[in-house]
Amino acid sequence: MTARIFGIAPSTRLRPSPYFEATRAEGVTSFTVYNRMLMPTGYGDPEGEYWRLINGVALWDVACERQVELRGPDAGRLAQILAARDLGKCAQGQGRYVALCDHAGTLINDPILLKLADDRFWLSIADSNILLWARAIADERRLNVTVSEPDVSPMAVQGPKAEDVAAAVFGDWVRGLRRFQFRHAAVEGIPVVVARSGWSKQGGFEFYLMDGSKGSQLWSIVREAGRPWEIGPGNPNHCERVEGGLLSYGGDTDDATNPFEVRLGRYVDLDVPDEVIGIAALRRIHAEGPRRHQLGVVLDGAAPVEPGFTWANIRQGGRKVGDMTTCVWSFRLRRNIGFALVARACAAGEDVEVVMGGRAVSGRLVDLPFVR
Ligand code: THG
């Protein structure tokens with residue numbers, strides 16, 4: 001559905017993922033750029049790829065979810081300074097969804113944090129440069145820690161059959177992993193971290209490939225193992241994630257968005273030490289109440305609209321009350337739906353107008369998620 005309007009010029013500034021050749025062989029038709037890496041965004045059949053995720057199992061190249069590794073005696077302290085969530089109870093082999101904020105309490109990334117050891121953490125980042133940020137903070141605070149980007153590239157298997165595929169590749173022990181739990185493993189000698197995680201509400205696993213020269217080999221191992229469940233290629237699915245209410249950092253946030261505005265308040269702990277970046281601002285924002293909040297919007301009409309590159313103004317009574325930050329045709333609801341970042345006074349059930357392509361489309365605010 002999303003228009004393909006330009007080609008991408010090869011450049012050493014844009015990194016192909018270790019699965020690049022494998023996804024080309026699968027017939028990838030479009031890419032986006034994420035963390036300076038190419039990420040597939042489609043294989044030519046948006047609706048088929050969507051239902052494969054909902055009913056079966058899909059294989060995604062998400063190598064662009066780069067790891068920022070914190071290593072050394074102060075790694076745990078740096079992780080806690082960066083993340084506004086209490087990591088005290090996070091055990092080795094366990095992950096956490098965390099909000100990284102700047103000193104003003106503005107969200108600058110929403111990674112999954114993986115605790116590999118007391119002195120070794122990965123931040124599996126969304127699309128912003130946390131390597132520079134973490135290094136700067138570590139040096140300014142004179143911490144004994146090395147910050148680097150290791151040779152680690154996740155692929156995801158997502159969907160109701162993902163557990164069967166993961167078990168076929170690595171063994172039945174994967175079925176015992178809880179959400180965000182992970183273990184080191186190997187298949188045909190390829191080192192991998194296996195985690196129960198992934199950016200969909202359908203459940204699944206992520207395989208963090210630890211040798212970038214083995215991308216094609218790992219891809220075909222998983223592809224072969226998944227044959228009984230008719231595994232096929234896919235990618236982080238825009239429609240499914242909007243239906244399920246998953247946030248896209250940088251898409252649904254701007255450079256003034258704090259975690260409370262976008263439903264991440266439950267991942268913020270206000271009683272963490274004062275040295276945690278942004279915590280003073282977050283305590284103040286929490287006490288005053290954020291100015292905006294995130295709801296869903298359902299547009300009237302049953303014809304898919306083309307999403308644009310920009311946020312769309314949301315109006316009530318002719319006045320702007322916020323923005324529609326994403327818009328997608330829902331295959332399950334047969335409506336155009338999206339997220340609204342609107343003034344706190346706006347509530348679910350209210351009518352709105354959304355300005356798209358110079359035209360006002362009527363719709364309604366609703367609670368998230370759209371689909372449970
Ligand atoms: N996997 C890995 N790295 C990532 C992502 C991923 N980095 C970027 C991006 N995705 C990070 N963002 C999210 C957002 C939500 C979730 C995971 C990563 C998620 N949320 C669950 C939910 O909202 O239902 C549960 C979170 C919880 O309750 O703890 O899974 O996908 N490697």
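Preceding this paragraph is the structure being described.
Summary of the structure given here. All values derive from a computational prediction rather than experimental measurement. (Residues numbered from 1 in each chain as written. Predicted model: local features only at pLDDT ≥ 70, side-chain atom pairs only at ≥ 80, totals over all residues. Heavy atoms only, no water.)

### What about the side chain of Ser330?
Now for step 1: Relative to the assigned elements, Ser330 resides in strand β18 (residues 319–330).
Now for step 2: By relative accessible area, Ser330 is classed as buried at 0%.
Now for step 3: Not counting the four nearest positions on each side in its chain, Ser330 is found in contact with Cys239, Glu243, Arg335 and Ile337. (Helix = DSSP H or I, 4+ residues; strand = E, 2+ residues; numbered from the N terminus. Buried < 20%, exposed > 50% of the residue type's maximum accessible area, 1.4 Å probe, protein only. Contact = heavy atoms within 4.5 Å.)

### Points about the sheet that holds strand β10 (residues 146–148)
Now for step 1: The sheet built from five strands is open, its strands ordered β5-β8-β9-β4-β10 with antiparallel pairing. Of all the strands in the sheet, just β5 (94–97) and β10 have a single pairing partner and so form its edges. Ignoring which end each strand starts from, the neighbouring axes of this sheet average 20° apart.
Now for step 2: As paired elements, strand β4 (residues 67–71) and β10 share three bridges and run antiparallel to each other. Its bridge partner lying in β10, Arg71 is registered against Thr146.
Now for step 3: Contacts between helix α4 (residues 130–140) and the sheet are confined to β4, β9 (120–124) and β10, with β10 contributing the most and set at about 170° to the helix. (Pairing = 2+ DSSP bridges. Axes fitted to C-alpha atoms, helices over the stretch in contact; angles between N-to-C directions.)

### Side note on the nonpolar core
Now for step 1: Counting residues in hydrophobic clusters, the biggest one holds 56 residues, and the most contacted among them are Val68, Leu70, Leu78, Leu82 and Leu123.
Now for step 2: Looking at this core, the element that brings in the most residues is α4, giving six residues.
Now for step 3: Apart from the residues lying within four places of it in its own chain, the contact partners of Val68 are Phe121, Trp122, Leu123, Ile125, Ile130, Leu131, Ala134, Val147 and Ser148. (Core = buried A, V, L, I, M, F, W, Y, C linked by side-chain atoms within 4.5 Å.)

### A word on the site of the ligand
Now for step 1: Close to the ligand lie 18 residues, the nearest being Ser124, Lys201, Glu206, Tyr208 and Tyr267.
Now for step 2: In the model, a nitrogen atom of the ligand is placed 3.3 Å from a nitrogen or oxygen of the Asp110 main chain.
Now for step 3: Here a nitrogen atom of the ligand sits 3.4 Å away from a polar atom, N or O, in the main chain of Ile125.
Now for step 4: Its free accessible area being 650 Å², the ligand has 90% of it covered by the protein chains.
Now for step 5: Across the shell around the ligand, the residue classes tally to 10 nonpolar, two polar and six charged. (Near = heavy atom within 4 Å. Polar contact = N/O pair within 3.5 Å; in protein donor to acceptor, adjacent residues only side chain to side chain. Areas by Shrake-Rupley, 256 points an atom, 1.4 Å probe, with all protein chains shown as cover. Nonpolar A, V, L, I, M, F, W, Y, C, P; charged D, E, K, R; others polar.)

### So, the state of the cysteines
Now for step 1: Going through the model one piece at a time under the given rule, you end up with zero disulfides.
Now for step 2: No disulfide involves Cys101; its sulfur sits 18 Å from that of Cys90, the nearest cysteine.
Now for step 3: With no disulfide of its own, Cys327 has Cys239 as its nearest cysteine by sulfur position, at a separation of 11 Å. (Disulfide = S-S within 2.5 Å.)

### As for the packing of aromatic side chains
Now for step 1: All chains considered together, the criterion is met by seven aromatic pairs.
Now for step 2: Consider the rings of Tyr19 and Trp219, whose centres lie 6.0 Å apart with planes at 45°: the pair is tilted. Of this pair, Tyr19 sits in the segment before α1 (20–26) while Trp219 is found in helix α6 (residues 215–225), placing the two residues 200 residues apart along the sequence. In this structure, Tyr19 and Trp219 share a single accessibility class: buried.
Now for step 3: For the ring pair Phe170 and Phe207, a centre distance of 4.9 Å and an interplane angle of 65° mean the geometry is edge-to-face. Of this pair, Phe170 sits in helix α5 (residues 162–170) while Phe207 sits in strand β14 (residues 204–209), placing them 37 residues apart in sequence. (Phe/Tyr/Trp six-rings, centres within 6.5 Å; stacked < 30°, edge-to-face > 60°.)

### Considering a positive patch on the surface
Now for step 1: Taken together, the side chains of Arg179, Lys201, Arg263, Arg266 and Arg372 define a basic patch exposed on the protein surface.
Now for step 2: Its location among the elements puts Lys201 in the loop between β13 (190–195) and β14.
Now for step 3: Judged by its relative accessible area of 51%, Lys201 falls in the exposed class. (Patch = residues over 30% accessible without salt bridge, like charges linked within 9 Å, V, L, I, M, F, W, Y side chains within 5 Å. Salt bridge = Lys/Arg side-chain N within 4 Å of Asp/Glu carboxyl O. Lys, Arg positive; Asp, Glu negative; His and termini not counted. Charge placed at Lys NZ, Arg CZ, Asp CG, Glu CD.)

### Description of the packing of α5 against α6
Now for step 1: Close contact between α5 and α6 brings their axes to 9 Å; oriented N to C, the two are set at 120°. α5 and α6 meet at a crossing whose hand is right-handed. For the pair α5 and α6, contact is made by Val165, Ala168 and Val169 and by Ile221, Val222 and Ala225, respectively.
Now for step 2: Classifying every residue of the contact of α5 with α6 gives six nonpolar, no polar and no charged. (Left-handed = near helix turned anticlockwise from the far one by under 90°.)

### Looking at the pattern of salt bridges
Now for step 1: The final tally for this structure, using the stated rule, is 22 salt bridges.
Now for step 2: Arg24 is the partner of Glu21 in a salt bridge, and the nearest nitrogen-oxygen pair spans 3.8 Å. Here the residue Glu21 and the residue Arg24 both occupy positions in helix α1, the gap between them amounting to three residues, near one helical turn.
Now for step 3: The exposure class assigned to Glu21 is partly exposed, which follows from its relative accessible area of 46%.
Now for step 4: One salt bridge in this structure joins Glu163 and Arg175, with 3.2 Å as the shortest N-O distance. Of this pair, Glu163 sits in helix α5 while Arg175 is found in the loop between α5 and β12 (182–187), placing the two residues 12 residues apart along the sequence.
Now for step 5: For Glu163, a relative accessible area of 25% gives the class partly exposed.

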